[in-house]
Amino acid sequence: MRYSIKEGMLSWLLHRLTGIGIFIFLIIHVMGAIYLKIGPEEWNHHVELFNTPFFRVAEVGLMGAILWHGLNGLRIIIIDFSGIRTSHFAKFLFWIIVFLTILLMLPGTYILLKPLFEGVAG
Amino acid sequence: MSYKKVPGTFAWWFQRISGSFLIILIFIHFIDVHFIFGVENLEYETVAEKWNKPFWRIMDALMLVFGMIHGANGIESILLDYKKIRKYKAYWFFFIRAISAVTIIIGSWIIVTFSPEEGSVAKYESPVAEMRDESGSHE
Amino acid sequence: MSILVNLRSRQGFIEMLRVFRIQRFNPEREPNQWVDEYTLEVNEDDKILDILLKIRDEVDTTLGFRASCAHGVCGSDGMMIDGLNRLACQTFVGDVPGRKPINIAPLKGVPVEKDLIVDMDPLLDKVKSVNPWVVAKEHKAGERELLMSQEDFEKIEDMTKCIWCSCCTTSCPSLWSDSDYLGPQALVMAARFILDTRNEDAEKIIEKVGGLDGVFRCHTIGNCTDACPRDIDVTGAIAAVKKVLLQGIDNEDKFSNIVWEKGDEKE
Ligand code: HEM
Ligand code: SF4
Ligand code: SF4
Ligand code: FES
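Notes on the structure in this doc start here.

What counts as what
Residues numbered from 1 in each chain as written. Chains lettered and ligands numbered in written order. Predicted model: local features only at pLDDT ≥ 70, side-chain atom pairs only at ≥ 80, totals over all residues. Heavy atoms only, no water. Contact = heavy atoms within 4.5 Å. Buried area = accessible area lost by both parts, 1.4 Å probe. Salt bridge = Lys/Arg side-chain N within 4 Å of Asp/Glu carboxyl O. Polar contact = N/O pair within 3.5 Å; in protein donor to acceptor, adjacent residues only side chain to side chain. Helix = DSSP H or I, 4+ residues; strand = E, 2+ residues; numbered from the N terminus. Nonpolar A, V, L, I, M, F, W, Y, C, P; charged D, E, K, R; others polar. Phe/Tyr/Trp six-rings, centres within 6.5 Å; stacked < 30°, edge-to-face > 60°. Lys NZ or Arg CZ within 6 Å of the ring centre and 35° of its normal. Buried < 20%, exposed > 50% of the residue type's maximum accessible area, 1.4 Å probe, protein only. Arc of directions from axis to C-beta. Pairing = 2+ DSSP bridges.

It is worth spelling out the interface of chain C and chain B at this point. With 20 residues of chain C in contact, the opposing surface of chain B contributes 17 residues. Interface of chain C and chain B: buried area, both sides summed, is about 1,800 Å²; carbon and sulfur atoms make up 60% of it. If you sort the residues of chain C by the area they bury against chain B, Leu212(C), Phe216(C) and Leu246(C) come out on top, with a joint share of 32%. Applying the counting criterion to the chain C and chain B interface returns 4 salt bridges. A salt bridge links Asp178(C) to Arg86(B), with the shortest nitrogen-to-oxygen separation between them at 2.7 Å. Remark: the boundary between chain C and chain B carries 8 residue pairs in polar contact (both at pLDDT 80 or more). Elements supplying a minimum of two residues to the side of chain C that touches chain B: helix H6 (202-209) and helix H8 (234-247) of chain C. Ranked by residues supplied to the side of chain C that touches chain B, first place goes to H8(C) with 5 residues. Within the side of chain C that touches chain B, the residues separate by chemical class into 7 nonpolar, 7 polar and 6 charged.

Take a look at the structure:
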């Protein structure tokens, strides 16, 4: 029988997964920047990749991951340092960051995916 | 009296400090890459133009260093949670730290030594600069 | 096994059929755990403990579980009910809404001895390992009793309510992945005796809560606070311990730097 996953545990699981994901992304991202040293043509060829539909959609995921990890990180910091009784406060903050993540995802997703429909990308 | 010597205290504290910095740095980076330039305009000379100003080089270097150390620290904290992995802690930590160190070194090397190739900027027409001249931004 | 029993019906209460799925274990009979289903006619306001007693008395006498006071004081009947750690004597059938089966399992992360009975020794050893007592070196026999101010007491009042049920420690994902993790219960006790102004040996406790299995294995998940039947702010107490490790202590005005809100009354 499984333990039920409530707000706190869900946010922690996501924090962990997104943390590992961003770490791996960051390494690949920096390695990709080596093209800057190789030469202009190579770099320009490399960044064309970011402009493909696949990367545009993947980048929405990346944005969500970073938003969740960052906002949840702030939530943890606030819980740790505020000294406010945690039970209700932590859940209140949980819903605040769910709201903020969605709120910030909306314009971000729009900006990332808009070129797909305008035919600029690809 | 201070108990900073208790193992793990510094890592815990650093995780919070670097996290707070990162959220600001990454926010600026995101606005910068996706809202101001746009991914379709990340050509060589966009980067050259951006890194013309030392401010942006410093921002990117800070993000790299904080991000990698924060990430490595986080992964180490995850590994420590699992008893079975902890037995081989020394190997895992070496592995994680080596990866982060290499990434930081390569990243800093790019940021510090990057200088646009002679004539390369002229070779490419910069759509970014054109668009900015016209409307202030690419939108 | 599935059994349908008709229990005495009381007038004026909503009666309904509920399925209870209880995780069983008997190493003398079978090496693995299994699940038994019991269908009972129950009321919304029946305690889970009453149900367990009825099952044991009238249906299946082999069912094993711990309980004593039946009033949420002794802390002996912590178990996982519908996926959350709680006291069987403080949980009602109506607390699990709807008609779905009510899952009952022993506390997680510790060895099971039989059915719902777990081995509490490792958990209690963790608590003992942080020196959860007051040491008064300066105090000599025959002197007047040791007092603390009302203000100082309010800082630790919340944590003194602990009934040692271990619902918190066994709900913690950090304990599930590392059985040596000190756990929230021990950390609540550590906070309680570090912040106790009469304790002159607080430094000993502080030394014991650090380390690889110590307070920094806590990732502010909050399962413990959700589980605590006494409504103790467990995660908050752990945050206080972390702050002590970070800031150190000022012996003159002990922990005046630790922000601590007075506990609310249980709703
Ligand atoms: C955007 C700003 C960020 C904030 C505010 C932030 C905040 C935090 C905090 C407070 C923790 C500690 C959690 C704990 O004690 O359990 C943490 C853990 C972690 N962070 Fe970040 N972080 C940020 C960005 C990043 C980035 C860019 C990476 C990847 C390189 C990353 C990777 C990790 C990892 C792997 C962990 C460990 C997760 C765990 O212990 O479960 N974080 N972060
Ligand atoms: S807050 Fe800490 S002690 Fe409590 S369940 Fe979470 S990790 Fe465990
Ligand atoms: S802190 Fe709460 S859940 Fe933990 S042992 Fe004490 S009373 Fe039980
Ligand atoms: S039987 Fe004593 S706490 Fe439930």
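On to the interface of chain B and chain A, then. Counting from both sides, the interface comprises 42 residues of chain B and, opposite them, 38 residues of chain A. When chain B packs against chain A, the two sides together hide about 3,300 Å² of surface, and 74% of this comes from carbon and sulfur. At the junction of chain B with chain A, the criterion picks out 2 salt bridges. When the shortest N-O distance is used, the salt bridge between Arg16(B) and Asp80(A) registers 2.5 Å. For the side of chain B that touches chain A, the secondary-structure elements that each account for two or more residues are helix H1 (9-37), helix H2 (44-50), helix H3 (54-80), helix H5 (89-113) and helix H6 (120-123) of chain B. Here the side of chain B that touches chain A is composed, by residue class, of 23 nonpolar, 12 polar and 7 charged.

Attention shifts here to the packing of aromatic side chains. One pass over the full model with this rule turns up 15 aromatic pairs over all chains. Ring centres 5.0 Å apart and planes at 85° place the aromatic pair Phe94(A) and Trp95(A) in the edge-to-face group. Geometrically, the ring pair formed by Phe55(B) and Trp56(B) is edge-to-face, given 5.2 Å between the ring centres and 75° between the ring planes. Against the face of Trp176(C) rests Lys108(C), its NZ or CZ located 5.1 Å from the ring centre.

In this section: helix H3 (residues 150-160) of chain C. An α-helix turns once per 3.6 residues; consequently, residues spaced three or four apart project the same way. All names here are of chain C. Listed as buried for H3 are Ile156, Asp158 and Met159. With its buried residues spanning 135° around the axis, H3 presents them on a single face. Structural note: H3 exposes Gln150 and Glu151 on the side pointing more than 90 degrees away from its buried face. The inward-facing, buried residues of H3 contact helix H5 (184-194) and H8.

With that out of the way, let us pick up the pairing of strand E6 (residues 102-105) of chain C. All names here are of chain C. Taken together, the 3 bridges between strand E2 (residues 15-24) and E6 define a ladder with parallel strand orientation. When the sheet's bridge partners are listed, arginine 21 is paired in E6 with asparagine 103. Here 2 bridges tie strand E4 (residues 78-81) to E6, and the two strands are oriented antiparallel to one another. The residue bridging methionine 80 from the neighbouring strand is alanine 105, located in E6.

Let's shift gears to the pattern of salt bridges. Considering all chains together, one arrives at 24 salt bridges over all chains under this definition. As a salt-bridge pair, Lys91(A) and Asp226(C) come within 2.7 Å of each other at their nearest N and O atoms. On the criterion of chain membership, the pair formed by Lys91(A) in helix H5 (residues 86-118) and Asp226(C) in helix H7 (residues 223-227) is interchain, its members lying in two chains. For Lys91(A), a relative accessible area of 26% gives the class partly exposed. In this structure, Asp201(C) and Lys204(C) form a salt bridge, with 3.5 Å as the shortest nitrogen-oxygen distance. Classification of Lys204(C) by relative accessible area gives partly exposed; the value is 40%. One connected set of salt bridges, linked through shared partners, spans Arg24(C), Asp36(C), Asp60(C), Lys114(C) and Asp115(C).

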